[in-house]
Amino acid sequence: MFARLVSCAVLLSTVLQPVLAVWPAPKSYTKGNSVLYLHQNLQVTYNGEALTYTYGYSPRAPTSKEIVQAAVSRALGTILNEEKFVPWMLLNRGQLKNFEPDVHKGQKWLSSLKIVQTAEDKPSAFKPLAGEVDESYKLTIGTDGDIKLTAASSVGILRGLETFTQLFFMHSSGTFWYTPFAPLSIEDAPKFPHRGVLLDTSRHWFPVSDIKRTIDAMAWNKLNRLHIHVTDSQSWPLEIPAMPELAQKGAYTPSQIYTTADLDEIQRYGVYRGVEVYLEIDMPSHIGSVAESHPELIVAYDAHPYHWYCAQPPCGAFKLNNTGVDKFLDTLFADLMPRVAPYSAYFHTGGDELNANDSMLDEGIRSNRSEVLQPLLQKFVDKLHQRVRNGGLTPLTWEEIPLDWNVTIGKDTVVQTWLGAPSVKKLTRMGHKVIDSNYNFWYLDCGRGQWLNFANGAAFRTFYPFNDWCGPTKSWRLIYSHDPTAGLTEAEAALVLGGEVAVWTETIDPQTLDSIIWPRASAAVEVLWSGRTDPATGQNRSMIEAQPRLVEWRERMVNRGIRAAAITQQWCSMADDNKGTACEHVV
Ligand SMILES: *[C@@H]1O[C@H](CO)[C@@H](O)[C@H](O)[C@H]1NC(C)=O
Ligand SMILES: *[C@@H]1O[C@H](CO)[C@@H](O)[C@H](O)[C@H]1NC(C)=O
Ligand SMILES: *[C@@H]1O[C@H](CO)[C@@H](O)[C@H](O)[C@H]1NC(C)=O
Ligand SMILES: *[C@@H]1O[C@H](CO)[C@@H](O)[C@H](O)[C@H]1NC(C)=O
Ligand SMILES: *[C@@H]1O[C@H](CO)[C@@H](O)[C@H](O)[C@H]1NC(C)=O
């Protein structure tokens, strides 16, 4: 009887001990189970100097201290004012009272947060090339109430503060905040230096507020690159003061334009959060919207049938042997490079899906033969990438430029792949740096059906049941299973800088943006930050281990104002006190 009671008590306490639900998983940690309470008068210091916690503090300049001060303000504001996370949904019905500490019994308070940055930030810390900034950090919470956060860069401190926010729960009384994990020690560093989201703002436009909210959630997830695919054939929403007609005529409507001030604000917002925002102006294809203002430079705009000329209407490519295009691009880059260079080390030049047939319609070429087009494209790309370098930036290109068109590119150039592992293998073998966006895993727009129409009759029958080209939907489980370096040698893998999940927006607009990205981008984050392999087991990470942490993380994001999608039914996380096993399918 006594033995049974003991084992029952042990069982109860193990059942109600929460997982350390840090997402993405830290490199290593140890934790205890003492409870410590947080209050807003925590004594915060940065390199020994007091930092007063001011709710909603906005940085006044991109300096290390301002960035850290604002990040501390966000971290405490998140826990105490915004997230207010009571984890009833991570526990079986009625179990919350057994999980929560008794607030009437001897509370121990956290007293200080000592932040130490062990090195000075280089200017490149605020607009790094991959690998230029050390994002590692060490976080400890002692049972004496002292918190220590140490990092070599302010970016490492930002990452550590994001981890810090994930350690706290609000008590259901509504007036206490606690962590049950003391003493705690975390050492953390990312596996890949480039961890991004691609957002297409041409098929649909997104207000600055949506982009800032996305940057916020990216920073919480330790993502560090926002790639804005800002223009395409559908619309040109980017103000270019040297050529105002581009946006005046190419945007969907005058209210859907990113002004120079908007762009500055978005990029600066990213810098303060350790998220480098960089632009893509896709060319020589995917540039039809330029024809609205400069029709003489573009071929095949809105050509029919569109599928002879491009992947989706309204087509449109630069004329590849036209001096007007050179002049246009000189003006465009002279205008744009100095405005983006203060905040970013990269500029994406596009280069995907060029259809040789476009040049059949070009009166200066009238050919679709690669022997004719390839040398023209080589010259076009050489000049294009040089304009980026002249602006002090590093070019990115889509994989088709080197792989399909055999265009020679510089070793500085980063190649973004979307066609999968064979492309990553080929490019890294050639010695190119790669970021991976394998559409079979990391295209978040896939699997939601066609947006094209098919008339009754043959077209209807051919395309029924109207699947899109890249279905099925990439669930978080599939996203989580992808390793961008699978099948590579060590030397090849070393050239993979990381990856991006892609949000192409044919059928995505501000109404659904959050639920498309979150929490699925988080699944990719854990691959990119923590690695596909779990160091604890030496095996692939398990979705059964991951689910409880992702469920909790998704709940926290929801509480912070992100309309993130559910990843399992509520019952699954409640039934086993969020262990990930209640809904395991055992074979
Ligand atoms: C190019 O256009 C021709 C018609 O002129 C068409 O038959 C062919 O399929 C097109 N090629 C591609 C790759 O779409
Ligand atoms: C490109 O333009 C130049 C100058 O107009 C011309 O000499 C050359 O033949 C053109 N090349 C092609 C492939 O049409
Ligand atoms: C080039 O054009 C010819 C004639 O229209 C067409 O048959 C062929 O498929 C085209 N080639 C490509 C690569 O599109
Ligand atoms: C590029 O090179 C490959 C392999 O040599 C060849 O199959 C392909 O036709 C070439 N493409 C062009 C556009 O020259
Ligand atoms: C680990 O995951 C990879 C895909 O990332 C998969 O190909 C491989 O089979 C998995 N290994 C095991 C032992 O399950």
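Residues numbered from 1 in each chain as written. Chains lettered and ligands numbered in written order. Predicted model: local features only at pLDDT ≥ 70, side-chain atom pairs only at ≥ 80, totals over all residues. Heavy atoms only, no water.

**Details of the domain arrangement of the protein**
Here is step 1 of the chain: Splitting the protein by domain gives domain 1 (6-190) and domain 2 (194-530).
Here is step 2 of the chain: Put simply, the middle of domain 1 and the middle of domain 2, counted by C-alpha atoms, are 36 Å apart.
Here is step 3 of the chain: Between domain 1 and domain 2, the residue contacts involve 24 residues of the former and 29 residues of the latter.
Here is step 4 of the chain: Summing both partners gives a buried area of about 2,300 Å² for domain 1 against domain 2, and 56% of it is carried by carbon and sulfur.
Here is step 5 of the chain: At the boundary of domain 1 with domain 2, the tally comes to one salt bridge.
Here is step 6 of the chain: Note that E135 is salt-bridged to R195, the shortest N-O span being 2.7 Å. (Domains from an automatic or database assignment. Contact = heavy atoms within 4.5 Å. Buried area = accessible area lost by both parts, 1.4 Å probe. Salt bridge = Lys/Arg side-chain N within 4 Å of Asp/Glu carboxyl O.)

**A word on the packing of aromatic side chains**
Here is step 1 of the chain: For the coordinates displayed, the defined rule picks out 29 aromatic pairs.
Here is step 2 of the chain: Here the aromatic rings of W418 and Y439 are separated by 6.0 Å at their centres, their planes lie at 55°, and the arrangement is tilted. In this pair, W418 sits in the loop between β16 (414-417) and α11 (421-429) while Y439 sits in helix α12 (residues 439-442), placing the two residues 21 residues apart along the sequence.
Here is step 3 of the chain: The buried category is assigned to W418, whose relative accessible area is 9%.
Here is step 4 of the chain: Ring pairing ties together the aromatic residues Y37, F85, F99, W109, F169, F176 and Y178, which thus form one cluster.
Here is step 5 of the chain: The lysine or arginine in question, R556, covers the ring of F169, its NZ or CZ lying 5.1 Å from the ring centre.
Here is step 6 of the chain: Against the face of W220 rests R560, its NZ or CZ located 5.0 Å from the ring centre. (Phe/Tyr/Trp six-rings, centres within 6.5 Å; stacked < 30°, edge-to-face > 60°. Helix = DSSP H or I, 4+ residues; strand = E, 2+ residues; numbered from the N terminus. Buried < 20%, exposed > 50% of the residue type's maximum accessible area, 1.4 Å probe, protein only. Lys NZ or Arg CZ within 6 Å of the ring centre and 35° of its normal.)

**Some remarks on the state of the cysteines**
Here is step 1 of the chain: Taken as a whole and judged by the stated rule, the model has three disulfides.
Here is step 2 of the chain: At a sulfur-sulfur separation of 2.0 Å, the disulfide partner of C310 is C315. The S-S bond linking C310 to C315 shows a torsion near -70°; that makes this disulfide left-handed.
Here is step 3 of the chain: A relative accessible area of 11% means that C310 is categorised as buried.
Here is step 4 of the chain: Look at C315 and you get buried, because its relative accessible area is 2%.
Here is step 5 of the chain: Residue pairing for C446: its cysteine sulfur links by disulfide to C470, the two sulfurs lying 2.1 Å apart. Taking the sign of the S-S torsion, -100° for the link of C446 and C470, the bridge is left-handed. In this pair, C446 sits in the loop between α12 and α13 (458-463) while C470 sits in the loop between α13 and α14 (476-480), placing the two residues 24 residues apart along the sequence. (Disulfide = S-S within 2.5 Å.)

**Topic: the site of ligand 2**
Here is step 1 of the chain: Around ligand 2 lies a shell formed by N321, G364, V372 and L376.
Here is step 2 of the chain: Here N321 contributes a side-chain N or O atom positioned 2.3 Å from an oxygen atom of ligand 2.
Here is step 3 of the chain: With respect to ligand 2, the backbone of G364 contributes an N or O atom lying 3.1 Å from an oxygen atom.
Here is step 4 of the chain: Isolated, ligand 2 exposes 360 Å² of accessible area, and the fraction of that covered by the protein chains is 35%.
Here is step 5 of the chain: Its residues placed into classes, the shell around ligand 2 shows two nonpolar, two polar and no charged. (Near = heavy atom within 4 Å. Polar contact = N/O pair within 3.5 Å; in protein donor to acceptor, adjacent residues only side chain to side chain. Areas by Shrake-Rupley, 256 points an atom, 1.4 Å probe, with all protein chains shown as cover. Nonpolar A, V, L, I, M, F, W, Y, C, P; charged D, E, K, R; others polar.)

**Some details on the site of ligand 1**
Here is step 1 of the chain: Taken together, the neighbourhood of ligand 1 is formed by H307, W308, N355 and N357.
Here is step 2 of the chain: Backbone polar atom of H307 to an oxygen atom of ligand 1: 3.3 Å apart, as the coordinates give it.
Here is step 3 of the chain: Between ligand 1 and N357 there is a distance of 2.2 Å, counted from an oxygen atom to a side-chain nitrogen or oxygen.
Here is step 4 of the chain: If ligand 1 stood free it would expose 360 Å²; the protein chains cover 44% of that surface.
Here is step 5 of the chain: Class assignment of the residues belonging to the shell around ligand 1 gives a composition of one nonpolar, three polar and no charged.

**Brief notes about the layout of surface pockets**
The rolling of a water-molecule-sized probe over the atoms marks out the regions of remaining empty space.
Here is step 1 of the chain: In this structure, the largest pocket encloses a volume near 630 Å³.
Here is step 2 of the chain: The class makeup of the residues in the lining of the largest pocket is 13 nonpolar, eight polar and nine charged. (1 Å grid on protein atoms, 1.4 Å probe; cavity = no way out; pocket = protein on both sides within 12 Å on 5 of 7 lines; lining within 4 Å. Points joined across faces, edges and corners; volume = space filled by probe spheres on them.)

**A word on the UniProt feature "active site" (unreviewed entry) in the protein**
Here is step 1 of the chain: Those residues carrying the UniProt feature "active site" (unreviewed entry) are E353 in this numbering.
Here is step 2 of the chain: Position of E353 relative to the elements: it lies in the loop between β14 (346-348) and α9 (370-390).
Here is step 3 of the chain: If sequence neighbours within four positions are ignored, E353 has contacts with S285, H286, A311, E400 and W418. (UniProt positions renumbered as here; feature names shortened; annotations may be inferred.)

**Details of the pairing of strand β2 (residues 43-46)**
Here is step 1 of the chain: Residues of β2 alternate between two faces, with V44 and Y46 buried on one and Q43 and T45 left unburied on the opposite face.
Here is step 2 of the chain: In terms of strand pairing, β2 meets strand β4 (residues 112-117) through four bridges, oriented parallel. Of the residues in β4, the one forming a bridge with Q43 is S112.
Here is step 3 of the chain: Where β2 lies against strand β3 (residues 49-50), two bridges are found, and the strand directions are antiparallel. The residue bridging T45 from the neighbouring strand is A50, located in β3. (Pairing = 2+ DSSP bridges.)

**So, helix α18 (residues 543-559)**
Here is step 1 of the chain: Here α18 is 17 residues long and its end C-alpha atoms lie 23 Å apart, about the 24 Å a rise of 1.5 Å per residue gives.
Here is step 2 of the chain: Counting buried positions along α18 yields twelve of 17 residues, so the element is predominantly enclosed.
Here is step 3 of the chain: G561 lies just past α18 and shows a positive phi near 100°. (Expected span 1.5 Å × (residues − 1).)

**Comments concerning unusual backbone geometry**
Here is step 1 of the chain: That bond from W23 to P24 is cis: its omega, 0°, falls within 30 degrees of zero.
Here is step 2 of the chain: Locating P24 in the fold gives a position in the loop between α1 (2-15) and β1 (28-38).
Here is step 3 of the chain: The linkage connecting A182 with the following residue, P183, adopts the cis geometry, with an omega of -10°.
Here is step 4 of the chain: For P183, the location among the structural elements is in strand β8 (residues 177-188).
Here is step 5 of the chain: Backbone geometry places K84, a non-glycine residue, at a positive phi of 45°.

**Observations regarding the side chain of S202**
Here is step 1 of the chain: Position of S202 relative to the elements: it lies in the loop between β9 (194-200) and α5 (208-220).
Here is step 2 of the chain: Taking the relative accessible area as the measure of exposure, S202 reaches 0% and is therefore buried.
Here is step 3 of the chain: If we ignore the near neighbours within four places in the chain, the residues touching S202 are H229, V230, T231, D232, S233, Q234, S235 and Y252.

**Concerning the UniProt feature "domain: Glycoside hydrolase family 20 catalytic" (unreviewed entry) in the protein**
Here is step 1 of the chain: Here the UniProt-annotated "domain: Glycoside hydrolase family 20 catalytic" (unreviewed entry) positions come out as residues 192-531.
Here is step 2 of the chain: The annotated region residues 192-531 carries 35% helix and 14% strand content, and the separation between its end C-alpha atoms amounts to 8 Å.

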